[in-house]
Amino acid sequence: MNDSRLETLSRLEALSQVAQDILRATAFAFGDPCPPAELPECGPAAIKARLRFQGHVSGELILAMPPDLCASLAADILTEDAAELGVEQTHDAIKELLNVIAGNWLTAVYGELPAFALSTPLADTVEAAEWSRLCSHDESVGVVIDDRPLLVALCRS
Amino acid sequence: MCHRILVVDDSAMSRLVIRKTLVLAGLESAEYHEASDGAEALAVLQQCPVDLVITDLNMPQMPGDELLARIRQLPSLREVRVIVISTEGNRQRQDAIRDLGAAAFIRKPFTPEQIKSVIETILEPSL
């Protein structure tokens, strides 16, 4: 295995671990790592948040999951009933989760010395075809939470 | 004593989480104000004097470090304590924030215990 492949694996292992740690710390959600291609079915539509990072290296991170999982995580973060949360709060939750994952992942991989600028996260819907593309993307990691799929994809510039 | 606290974050969810955490930290009777970025925070500060500002760093309009610098420039706000809460992992930027006059820097994700410990240090002995 060449150095570049090892670096990619290391980046992705860190991404998976950081995502699990942040979900546990913020939403008390205990996820299991899972290859993206083996994730449970997502359903007809998912939601995603995306954020650009620029600095020592640059690229984009995408966090995607089914809306019901996002509502459930938002409810756990806010200690409120998921049924009482609106779309805006659900989108706010996925954006904030991605923001925290991105900041902690960059430090985990590149250390505390390089400075990175993070863009404001944006939330959007994900159609089935895009979900499939994200699952087959070379630099995606999957996590299963209560039998529901969560994806984090890294797209380097 | 009833503390007056301004929570500044572009995420409404983060503002709510911080407020809930502060309540858990013993500040249930505090008077809370909110703003979604630095510019809005300065407008709130003109109207409502506060003891403590808790601000995010990366926000549209005016980021947290610029808000902190502006607060330190205004004589009327010199006594206001500022805590920065952010995902920022860069050591130099964290040091720069402390040099600007932040009383503390807390990295996300934070625990209620972390917040409580920092608040007790900053607002003691009036808590």
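A quick note: this is a predicted structure, and the numbers were derived from the prediction, not measured. (Residues numbered from 1 in each chain as written. Chains lettered and ligands numbered in written order. Predicted model: local features only at pLDDT ≥ 70, side-chain atom pairs only at ≥ 80, totals over all residues. Heavy atoms only, no water.)

**As for the interface of chain B and chain A**
How we decide: When checking whether two residues touch, look at their non-hydrogen atoms; a contact exists if any pair is within 4.5 Å. Accessible surface is computed with a 1.4 Å probe, and the buried area is the amount of it that two parts give up when combined, taken over both parts together. In what follows, salt bridge is the name for a side-chain nitrogen of Lys or Arg lying within 4 Å of a carboxyl oxygen of Asp or Glu.
Of the residues lining the interface, 16 residues belong to chain B; the matching set on chain A comes to 22 residues. Together, the buried faces of chain B and chain A total about 1,700 Å²; carbon and sulfur atoms form 49% of this surface. Contact with chain A buries area across many residues of chain B, yet M13, T87 and P109 of chain B alone supply 33% of it, more than any other trio. The interface formed by chain B and chain A contains three salt bridges.

**Considering the packing of aromatic side chains**
Residue and element names in this part refer to chain A. Applicable threshold: Any two rings among Phe, Tyr and Trp, with Trp reduced to its six-membered ring, count as a pair given centres within 6.5 Å; such a pair is stacked if its planes are under 30 degrees apart, edge-to-face if over 60, and tilted if neither. Numbering of helices and strands runs from the N terminus; a helix is a DSSP stretch of H or I covering at least four residues, while a strand is a stretch of E covering at least two. Partly exposed describes any residue whose relative accessible area lies between the buried limit of under 20% and the exposed limit of over 50%, with all areas from a 1.4 Å probe on protein chains only and scaled to the type maximum.
The final tally for this structure, using the stated rule, is four aromatic pairs over all chains. Taking the centre distance of 5.8 Å and the plane angle of 70° together, the rings of F53 and W105 count as edge-to-face. Highlighted residues: F53 in strand β2 (residues 45-54) and W105 in helix α3 (residues 87-110), separated in sequence by 52 residues. Each member of the pair F53 and W105 is classed as buried. For the pair W105 and Y110, a centre-to-centre distance of 6.1 Å together with 85° between the ring planes defines the contact as edge-to-face. On the basis of relative accessible area, W105 is assigned to the buried category, the value being 0%. On the accessibility criterion, Y110 (19% relative accessible area) is buried. Cluster of aromatic residues (ring-pair linked, three or more members): F53, W105, Y110 and F116.

**Points about the environment of R11 of chain A**
Residues and elements named next belong to chain A. Mapped onto the elements, R11 comes out in helix α1 (residues 3-27). Residue R11 is classed as buried on the basis of its relative accessible area, which comes to 7%. Sequence spacing of R11 and W105 is 94 residues, and the spatial spacing of their C-alpha atoms is 8.6 Å. Once residues lying within four places of it in the same chain are set aside, the contact partners of R11 are W105, V109, Y110, E139, L154 and R156.

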